[in-house]
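The chain contents come next:
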Amino acid sequence: MDVLSKISNQMAEVLKKQDELVDNSFATDITLNEMRTNYTKERQFWNEGGPEVYKTINTNMATENGDVPLRFYYPDDKPDHGVVLYIHGGGFILGNLDTHDRIMRSLCRKSGFVVVGIDYHLSPDVKYPVALLECAACIKYLRGNAENLGISKNSISLAGDSGGAHLSLATLLYLRDHEEDTSYIKSLLLYYGLFGLRDSVGIRTLGGPWDGLTKADLDYFSHAYLNDHPDPKYFYLFDLDLSYGIPPAFIASAEFDPLID
């Protein structure tokens, strides 16, 4: 499909700006360090401005793979806020707290909740399921320290974009399968994620160099994330069991997203 002839004028301007900021900003045929440098540089522009929050706190969560940075955004000085754990996108291999700073500030101001960003370890530096387990551990960390953090342990939501949207759903499914009660997870906010399909018409026809989501790109990301893990039933990436234990979910999709199906 000739996607670029169908997108809106506004989206065309976005793509033009991306090319101005970084040449081949979504290329996967360069080194991993180059990819990360390009992604971080391109994201700086989109994080400028936006709403301010009452306060921001940076801290670390200890894990067996080393410390995981967390960033807390507070809307005001009131106690016992609901909390949103935001898991950033980047195909499991890119991104950090700074590349998604503005969206977390915006969510904090719009929702009145505390938003928590997690800088999980990226693939292929670590092997699956490290990132997933770190996100699940963060939920337990938030609940275990809720009073000191000024949040409610019984009002937690998960949010994320792209790979982070997948990790948000995967974290919910992992906790559902390993805990007796996950009723404290109240909702999911999922922006254009990968939710279970190994193949689709959209994957075959919509991706291109403008979004870094060709079939080859998607294979690259999933291979880097899974690292040839031998037991696919634990991926929480494909063949998902969504038959029970899912809270209300808002799924934001885009018309020409290769993952729309």
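Rules and cut-offs
- All residue numbers refer to positions counted from 1 along the written sequence of the respective chain.
- Note on the predicted model: pLDDT of at least 70 is required for a residue's local features to be given, and 80 or more for side-chain atom pairs to be given and counted; whole-chain, interface and lining totals, by contrast, use all residues.
- Working from all heavy atoms in the structure, the side-chain values ignore hydrogens and water.
- Helical segments are the DSSP runs of H or I of at least four residues, strand segments are the runs of E of at least two, and each set is numbered from the N terminus.
- The globule rule used for comparison is 2.2 Å times the number of residues to the exponent 0.38, while the radius of gyration itself is calculated over C-alpha atoms.
- Buried, partly exposed and exposed residues are distinguished by accessible area as a fraction of the type maximum, computed with a 1.4 Å probe on protein chains only: under 20%, between the cut-offs, and over 50%, respectively.
- The contact definition used throughout considers only heavy atoms, calling two residues in contact when any of these lie within 4.5 Å.
- Both cavities and pockets are sets of points on a 1 Å grid over the protein atoms alone; in a cavity a 1.4 Å probe fits but cannot get out, in a pocket the set is open with protein on both sides within 12 Å along at least five of seven lines, and lining residues sit with an atom within 4 Å of a point.
- Grid points are joined across faces, edges and corners, and a volume is the space filled by probe spheres set on the points.
- For this classification, the nonpolar set comprises Ala, Val, Leu, Ile, Met, Phe, Trp, Tyr, Cys and Pro, the charged set comprises Asp, Glu, Lys and Arg, and every other residue, Gly included, is treated as polar.
- Should DSSP find at least two bridges between two strands, the strands are taken to pair.
- To obtain an axis, a line is fitted to C-alpha atoms, over the contacting stretch when the element is a helix, and the angle between two such axes runs from 0 to 180 degrees between their N-to-C directions.
- If you view a crossover with the strands going away from you and the path from the first strand over the helix to the second runs clockwise, you call it right-handed.
- The disulfide criterion used throughout: a pair of cysteine sulfur atoms within 2.5 Å.
- Put simply, two rings from Phe, Tyr or Trp (the six-membered ring, in Trp's case) pair if the centres are within 6.5 Å, and we call them stacked under 30 degrees between planes, edge-to-face over 60, tilted for the rest.

1. Points about the overall build of the chain
What the chain contains, in helices and strands, is 8 helices and 7 strands. The C-alpha atoms of the chain give a radius of gyration of 18 Å, which matches the 18 Å a tight globule of 261 residues would have. C-alpha atoms of the chain, sized along the principal axes, occupy 50 × 45 × 35 Å. Here the chain holds 261 residues, and 49% of them are scored as buried. Restricting to contacts in the chain with at least 6 residues of sequence separation, those with at least 24 account for 76%.

2. Focus: the layout of surface pockets
Each pocket or cavity is described by its volume, and for the second largest pocket that value is around 190 Å³. Forming the boundary of the second largest pocket are 14 residues, of which Gly193, Phe195, Leu259, Ile260 and Asp261 lie nearest the centre. Across the lining of the second largest pocket, the residue classes tally to 9 nonpolar, 3 polar and 2 charged.

3. Remarks on the sheet that holds strand E6 (residues 185-191)
The 7 strands lie next to each other as E1-E2-E4-E3-E5-E6-E7, forming an open sheet whose pairing is mixed. Pairing within the sheet leaves two strands with one partner each, and these edge strands are strand E1 (55-61) and strand E7 (249-252). Taking the axes of each pair of neighbouring strands and ignoring which way they run, one obtains an average angle of 20° across the sheet. By the bridge criterion, 5 bridges tie strand E3 (residues 81-87) to strand E4 (residues 114-118) in an arrangement that is parallel. What sits directly across from Ile87, in E4, is Ile118.

4. Let's talk about unusual backbone geometry
With the exception of glycine, most residues fall at negative phi, and the peptide bonds are largely trans. Residues Ser123 and Pro124 are joined by a peptide bond in cis, for which omega reads -5°. Along the chain, the position of Pro124 falls in the loop between E4 and helix H4 (130-144). For the bond running from Tyr128 to Pro129, omega is 10°, close enough to zero to count as cis. By the secondary structure assignment, Pro129 is in the loop between E4 and H4. One non-glycine residue with positive phi stands out, namely Ser162, at about 55°. Residue position: Ser162 is located in the loop between strand E5 (151-161) and helix H6 (163-178).

5. Examining the pairing of E6
Working note: regular strand, side chains alternate between the two faces of the sheet. E6 sits mainly inside the fold: 5 of its 7 residues count as buried. With 6 bridges joining them, E5 and E6 adopt parallel strand pairing. Looking at the pairing, Leu158 lines up with Leu188 of E6. Handedness of the β-α-β unit built from E5, H6 and E6 comes out right-handed.

6. Thoughts on the state of the cysteines
Disulfide: a covalent bond connecting the sulfur atoms of a pair of cysteines. Enumeration over the complete set of coordinates arrives at 0 disulfides. The structure places no disulfide on Cys138, whose sulfur is separated from the nearest cysteine sulfur, that of Cys135, by 7.3 Å.

7. Looking at the packing of aromatic side chains
Two measures describe an aromatic ring pair: the distance that separates the ring centres and the angle between the ring planes. The final tally for this structure, using the stated rule, is 7 aromatic pairs. Taking 6.4 Å as the distance between ring centres and 20° as the angle between the ring planes, the aromatic pair formed by Phe72 and Tyr74 counts as stacked. For the pair formed by Phe72 and Tyr74, the shared burial category is buried. Ring centres of Tyr174 and Tyr236 lie 6.3 Å apart, and the angle between their planes is 80°; on these two criteria the pair is classed as edge-to-face.

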